[in-house]
Amino acid sequence: MTSKDDDKAVAAAGESLGAGPAKTAASSSSGVVESGGLDSAGAPETGKDKKPASRQKRATVALALGSGGARGYAHIGAIEVLNERGYEIIAISGCSMGALVGGMYAAGKLQQYKDWVTGLGQFDVLRLLDVTFSAVGAIRGDKIFSIVSDILGDTRIEDLPIAFTSVATDLLGHKEIWFQEGPLDQAIRASVAIPGVVTPLVLNGRVLVDGSTLNPLPIIPTISAHADLIVAVNLAGEDDRRQRLSDAAFTSLDDDNDSEEWMGAMREKASRWFDWDTLKGLAGGKVDGEPAEDKISREVQKQNAKKQRKQAVEEAVQSPKSPEPTSTSKAQDEGQTINWEKLGIGKFEVMNLAIETMQSVLVQYKIAGYPPDLLVNIPKNVCRSYDFHKAPELIQLGRERMAAALDRYEQDHSSSGPLAV
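Residues numbered from 1 in each chain as written. Predicted model: local features only at pLDDT ≥ 70, side-chain atom pairs only at ≥ 80, totals over all residues. Heavy atoms only, no water.

Comments concerning the packing of aromatic side chains
Aromatic ring pairs are defined here through the distance separating the ring centres and the angle between the ring planes. For the record, the criterion: For Phe, Tyr and Trp, where Trp contributes only its six-membered ring, two rings pair if their centres lie within 6.5 Å, and the inter-plane angle classes them as stacked under 30 degrees, edge-to-face over 60, or tilted in between. By definition, any uninterrupted DSSP run of H or I lasting at least four residues is a helix, any uninterrupted run of E lasting at least two residues is a strand, and each is numbered from the N terminus. The classification of residues rests on relative accessible area computed with a 1.4 Å probe and restricted to protein chains. Under 20% of the type maximum is buried, over 50% is exposed, and intermediate values are partly exposed.
Within this structure, the stated rule accounts for 2 aromatic pairs. Arranged with centres 6.1 Å apart and planes meeting at 90°, the rings of Tyr73 and Phe388 form a pair that is edge-to-face. One end of the pair, Tyr73, is in the loop between strand S2 (60-65) and helix H2 (74-84); the other, Phe388, is in the loop between strand S11 (374-379) and helix H14 (391-412), and 315 residues separate them in sequence. Note on Phe388: relative accessible area 23%, which makes it partly exposed.

Here is the structure:
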């Protein structure tokens with residue numbers, strides 16, 4: 001594992017958070033991926049002293065996979081289309097869900113992971129979250145990561161057939177951490193620890209959380225792969241109401257008598273973190289499906305309209321010759337009060353909005369500093385970050401977005417543009 005400033009003294013001693021000598025993206029990009037299918041396991045193994053196997057005349061891709069909660073399922077569809085179109089993925093850099101999906105692909109386990117997430121029952125999603133509500137995180141995540149570890153086994157990053165980088169954030173060191181060696185499941189666990197939601201990973205004196213805290217779209221680690229194309233999949237694209245996924249296809253938990261008692265206890269325990277709609281949404285229950293941002297925007301607009309009507313009345317009754325100021329200017333400066341409970345907005349929703357706002361800005365800086373050859377945008381409002389029961393729809397959306405972006409690129413040899421949706 002290396003930090004953004006390379007932790008030179010540590011690397012020189014051949015030490016890092018993972019075992020073995022440090023490995024850069026350039027040195028680990030010697031493996032190749034067979035076209036078609038989801039797995040990279042078919043790529044020829046190459047050791048450090050072996051020359052790379054000869055490759056077919058196909059365009060090579062270094063892939064940067066961004067963070068975005070459940071929207072990360074779109075990465076699966078994006079990878080599928082790249083393989084089907086004959087592109088050769090030689091390097092992957094991922095953050096949060098991008099690290100998880102990218103790691104599964106690099107280890108040749110993406111099809112197995114896809115089969116698992118698309119087959120999860122709605123109630124299973126909530127059970128897997130392993131809710132703890134500790135002081136440092138609402139979700140322990142042990143159940144999910146035990147399954148991830150079972151799928152990946154003892155795979156180490158340095159043994160993967162393609163270069164892989166998982167990006168995390170060191171809270172104590174105040175810097176970005178790149179995992180380019182060591183246990184793959186451990187690197188993924190560090191990258192997905194959303195601050196305040198998933199408990200941090202403490203490793204070798206570092207407190208590690210989600211890499212999106214500093215770098216939600218890790219393009220830089222892909223540069224040293226010297227691929228023909230750098231392709232970035234951004235999960236914080238501009239809003240697109242046409243792409244919003246509906247909850248209509250999912251069954252309500254209210255009809256499940258076996259789960260109702262358990263949900264009642266969970267509701268009471270979780271009330272200080274999650275509103276009821278959020279809890280049911282985590283499990284795929286029947287909710288109104290309206291994002292928190294839309295609820296808040298509607299309420300603010302409603303209050304503004306009410307204030308404007310009040311001001312209009314005050315101005316109408318004000319004497320034209322009156323030198324005294326009215327309360328209109330004061331009313332304009334007064335703050336507004338929102339009944340959060342009435343709106344069904346809990347701490348988790350507000351914190352999630354804050355995190356996504358921060359990530360959206362950081363993504364634009366990263367793209368401006370290191371523009372990829374091809375940018376694929378997944379709208380950030382296509383679903384809520386915790387809609388993990390929508391894997392099939394999000395995978396399909398990833399396929400559609402990648403196919404459209406490749407069509408544009410192959411015809412015009414130009415990116416979809418940083419702000420395209």
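Next comes the rest of the description.
Concerning the pattern of salt bridges
Think of it this way: side chains of opposite charge can pair up when their charged atoms draw near. Note the following rule: In what follows, salt bridge is the name for a side-chain nitrogen of Lys or Arg lying within 4 Å of a carboxyl oxygen of Asp or Glu.
The final tally for this structure, using the stated rule, is 9 salt bridges. Two residues, Glu158 and Arg156, come together in a salt bridge whose shortest N-O distance is 2.8 Å. The exposure class assigned to Arg156 is partly exposed, which follows from its relative accessible area of 23%. Linked by salt bridges that have partners in common, Glu80, Glu84, Lys114 and Arg399 make up one network.

Overview of helix H6 (residues 142-152)
The line we're drawing: To be clear, the arc concerns the directions from the helix axis to the C-beta atoms.
When H6 is considered as a whole, its buried residues turn out to be Phe145, Val148, Ile151 and Leu152. An end-on view of H6 places all buried positions within 115° of arc, on one side of the element. Positioned one or two residues after H6, Gly153 has a phi angle of 65°, which is positive.

Focus on the packing of H6 against helix H7 (residues 184-191)
Basically, it comes down to this: The angle between two axes is taken between their N-to-C directions and runs from 0 to 180 degrees, where each axis is a line fitted to C-alpha atoms and a helix contributes only its stretch in contact. Roughly parallel refers to an angle under 35 degrees, roughly antiparallel to one over 145, roughly perpendicular to one between 65 and 115, and oblique to any angle outside these ranges. Crossing chirality is assigned from the near helix's rotation relative to the far helix, an anticlockwise turn below a right angle marking it left-handed and a clockwise turn marking it right-handed. The contact definition used throughout considers only heavy atoms, calling two residues in contact when any of these lie within 4.5 Å.
Across the interface, H6 lies against H7 with an axial gap of 9 Å and an inter-helix angle of 150°. As far as their axial angle goes, H7 and H6 are roughly antiparallel. Note on packing geometry: the crossing formed by H6 with H7 is right-handed. Contacts between H6 and H7 involve Phe145, Ser149 and Leu152 from the former and Leu184, Asp185, Ile188 and Arg189 from the latter.

As for unusual backbone geometry
Phi at Ser96 is positive, roughly 60°, even though this residue is not glycine. Looking at the element boundaries, Ser96 is found in the loop between strand S3 (88-95) and helix H3 (97-106). Residue Ser96 is classed as buried on the basis of its relative accessible area, which comes to 6%. Residue His226 is not a glycine yet carries a positive backbone phi of 55°. The topology assignment puts His226 in the loop between strand S9 (206-210) and strand S10 (229-237). On the basis of relative accessible area, His226 is assigned to the exposed category, the value being 67%.

Notes on the pairing of S3
Note the cut-off: Note on pairing: two strands pair once DSSP finds at least 2 bridges between them. Handedness rule for crossovers: strands pointing away from the viewer, path from the first strand over the helix to the second running clockwise, crossover right-handed.
Across the 8 residues that make up S3, a large majority, 8, are buried. Judged from the 6 bridges that link them, S2 and S3 form a sheet pairing that is parallel. In the sheet register, Ala64 faces S3, and the bridge partner there is Ser93. One crossover worth recording links S2 to the parallel S3 by way of H2, and it is right-handed.

Here's the deal with H2
An α-helical turn contains 3.6 residues, so any two residues separated by three or four positions project in the same direction. Of all 11 residues in H2, 10 are buried, a share of seventy percent or more. Listing the buried residues of H2 in full gives Ala74, His75, Ile76, Gly77, Ala78, Ile79, Glu80, Val81, Leu82 and Asn83. Trailing H2 by a residue or two, Gly86 shows a phi angle of about 90°, which is positive.

Quick notes on the pairing of S10
For S10, a buried count of 9 out of 9 residues is recorded, marking the element as mostly surrounded by other parts of the structure. Both S2 and S10 contribute to a ladder of 5 bridges, which runs parallel. When the sheet's bridge partners are listed, Ala62 is paired in S10 with Ile230. Sheet topology places S10 next to S11; 5 bridges connect them, and they run parallel. The residue of S11 that forms the bridge with Asn234 is Asn377.

What about the nonpolar core?
Spelled out, the test is: In these notes, a set of buried Ala, Val, Leu, Ile, Met, Phe, Trp, Tyr and Cys residues joined through side-chain atoms within 4.5 Å is what counts as a nonpolar core.
Ranked by internal contacts, the top residues of the largest apolar core, which has 63 residues, are Leu63, Tyr73, Tyr113, Phe179, Val233 and Met402. Looking at this core element by element, the count peaks at 8 residues for H14. Apart from the residues within four sequence positions on either side, Leu63 is in contact with Ile79, Leu82, Ile89, Ala91, Ile92, Ser93, Thr222, Val231 and Val233. Core analysis: the next-biggest nonpolar cluster, separate from the first, contains 15 residues, Ile219, Ala232, Ala236 and Leu375 among them.

A word on the environment of Ile395
For Ile395, the position within the fold is in helix H14. With relative accessibility at 5%, the residue Ile395 sits in the buried group. Each C-alpha atom of the pair Ile395 and Ile76 lies 5.8 Å from the other, and the pair is 319 residues apart in sequence. In this view, Ile395 contacts Tyr73, Ala74, Ile76, Gly77, Glu80, Lys114 and Thr118; residues no more than four positions away in its chain are not counted.

Focus: a positive patch on the surface
Filter applied, for reference: For patch detection, residues must exceed 30% relative accessible area and be free of salt bridges, and they are connected within 9 Å for like charges or within 5 Å for nonpolar side chains (Val, Leu, Ile, Met, Phe, Trp, Tyr). Throughout, the Shrake-Rupley method with a 1.4 Å probe supplies accessible areas, and for residues the shown protein chains are the sole cover considered. Counting rule applied: Lys, Arg positive; Asp, Glu negative; His and chain ends not counted. All charge positions are set by atom: Lys at NZ, Arg at CZ, Asp at CG, Glu at CD.
Taken together, the side chains of Lys302, Lys306, Arg309 and Lys310 make up a positively charged region of the molecular surface. Mapped onto the elements, Arg309 comes out in helix H10 (residues 292-317).

Observations regarding the confidence of the model for the chain
The predicted coordinates should not be examined in detail at positions where pLDDT is low. Stated formally: Scored between 0 and 100, pLDDT is the confidence that the predictor attaches to each residue.
When the pLDDT values of the chain are averaged, the result is 74; 61% of them are 70 or greater. Predicted confidence in the chain is weakest over helix H1 (residues 8-12), with a mean pLDDT of 34, and strongest over S2, with 98. In this model, residues 281-287 is a region of pLDDT below 50 whose contacts with residues beyond four sequence positions or in other chains number 30 contacts.

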